[in-house]
Amino acid sequence: EVRKYKEKLSPLELELLKEKRKRRLVKRKHIRHRRELTVLGKPKGSRNAYNIFMSENFHDARGSSLSGKMQSLHEDWKKLPHSQKQIYIQLAQDDKIRYENEMKAWEEQMVEIGREDLIRLKARRRLVKDSAVMHEAKKVPKKKVKKVAKPAKRGEKADKWKNEE
C-alpha cells in the first residue's frame, strides 16, 4: 500500500515527504538529547529580571485568562519605576551567578564520567587551555623576560620587550 501511495505522488510531493520525515527525525533527536540532559541533572538556565517579576507577581495579576494576566503584568512592568526594577535586575544577576556555578560543577562532573561532548564550547575551550597550560608548565622551563632599550623608530615606543630562553 505504501509503495502504491508513493507511486501516485509527484516528484515535488516526494521531496516534501522526505523533508517532513527529516524534520521529524531531527525533532525526535533533539527531544531525546534534551531528555538525556535532564536525566543527567543539567541546571536550568538563569532567569532575567522580567521573568522573575512575572513569576513573583503572577498570582496577584489582573485578568481572568492566562493571556489577560500576562498582558496586565507586562503593562505593570512597563510602568514600574527604575528603582523598583533594579531589585529584579539584582536578583537576575544573582541567579546568573548561581547558574554559572552550577554549570561549572555539572561540567566537571560530566568530564569525570567521560561525557565531554555535553560541555559548552566555551567551557571545553577553557578545559583544553587549562590542560595545555598544565602540560606545558610541567615540560618547558619558564622564559625569562628582559627589558631591552632600543631607539624609537617612526613614532614607536622606545622600549621593547625581548624574550630570552
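The structure this text deals with has already been given above.
Residues numbered from 1 in each chain as written. Predicted model: local features only at pLDDT ≥ 70, side-chain atom pairs only at ≥ 80, totals over all residues. Heavy atoms only, no water.

1. Describing the overall build of the protein
Helix and strand counts for the protein stand at 6 helices and 2 strands. Listing every helix and strand of the protein by position from the N terminus yields α-α-α-α-α-α-β-β. Per-residue burial over the protein gives 16% buried out of 165 residues. Long-range contacts, defined as pairs at least 24 residues apart, comprise 39% of the intrachain contacts of the protein with a sequence gap of at least 6. Within the structure as shown, the protein displays about 14500 Å² of accessible surface, and the carbon and sulfur contribution to it stands at 55%. (Helix = DSSP H or I, 4+ residues; strand = E, 2+ residues; numbered from the N terminus. Buried < 20%, exposed > 50% of the residue type's maximum accessible area, 1.4 Å probe, protein only. Contact = heavy atoms within 4.5 Å. Areas by Shrake-Rupley, 256 points an atom, 1.4 Å probe, with all protein chains shown as cover.)

2. Considerations on the pattern of salt bridges
With the rule as written, the count across this model stands at 8 salt bridges. We note a salt bridge from Arg62 to Asp76, for which the minimum N-O separation is 3.4 Å. With a gap of 14 residues between them, Arg62 in the loop between α3 (49-57) and α4 (66-79) and Asp76 in helix α4 connect regions that are remote in the sequence. Residue classification places Asp76 among the partly exposed positions, given a relative accessible area of 25%. We note a salt bridge from Arg115 to Asp117, for which the minimum N-O separation is 3.1 Å. The partly exposed category is assigned to Arg115, whose relative accessible area is 24%. Given the relative accessible area of 49%, Asp117 is considered partly exposed. Overlapping salt bridges, with partners in common, bring together Glu36, Arg115 and Asp117 in one network. (Salt bridge = Lys/Arg side-chain N within 4 Å of Asp/Glu carboxyl O.)

3. Things to note about helix α2 (residues 11-39)
Taking 1.5 Å per residue as the helical rise, α2 with its 29 residues ought to reach 42 Å, and the 42 Å between its terminal C-alpha atoms agrees with that figure. Downstream of α2 by one or two residues, Gly41 has phi in the positive range, about 85 degrees. (Expected span 1.5 Å × (residues − 1).)

4. Considering helix α5 (residues 82-112)
Look at α5: 45 Å from first C-alpha to last across 31 residues, which is about the 45 Å you get at 1.5 Å a residue. Along α5, the positions that sit buried rather than exposed are Lys85, Tyr88, Ala92, Asp95, Tyr99, Met103, Trp106, Glu107 and Met110. Directly after α5, the chain includes Gly114, whose backbone phi takes a positive value near 85 degrees.

5. Describing the packing of aromatic side chains
A full pass over the atoms with the stated rule returns 4 aromatic pairs. For the pair Tyr50 and Trp77, a centre-to-centre distance of 5.7 Å together with 75 degrees between the ring planes defines the contact as edge-to-face. One end of the pair, Tyr50, is in helix α3; the other, Trp77, is in helix α4, with 27 residues separating them in the sequence. Accessibility expressed as a relative area gives 25% for Tyr50, which makes it partly exposed. Accessibility expressed as a relative area gives 14% for Trp77, which makes it buried. Both rings, one in Phe53 and one in Trp77, keep their centres 5.1 Å apart while their planes meet at 50 degrees; by these two values the pair is tilted. (Phe/Tyr/Trp six-rings, centres within 6.5 Å; stacked < 30°, edge-to-face > 60°.)

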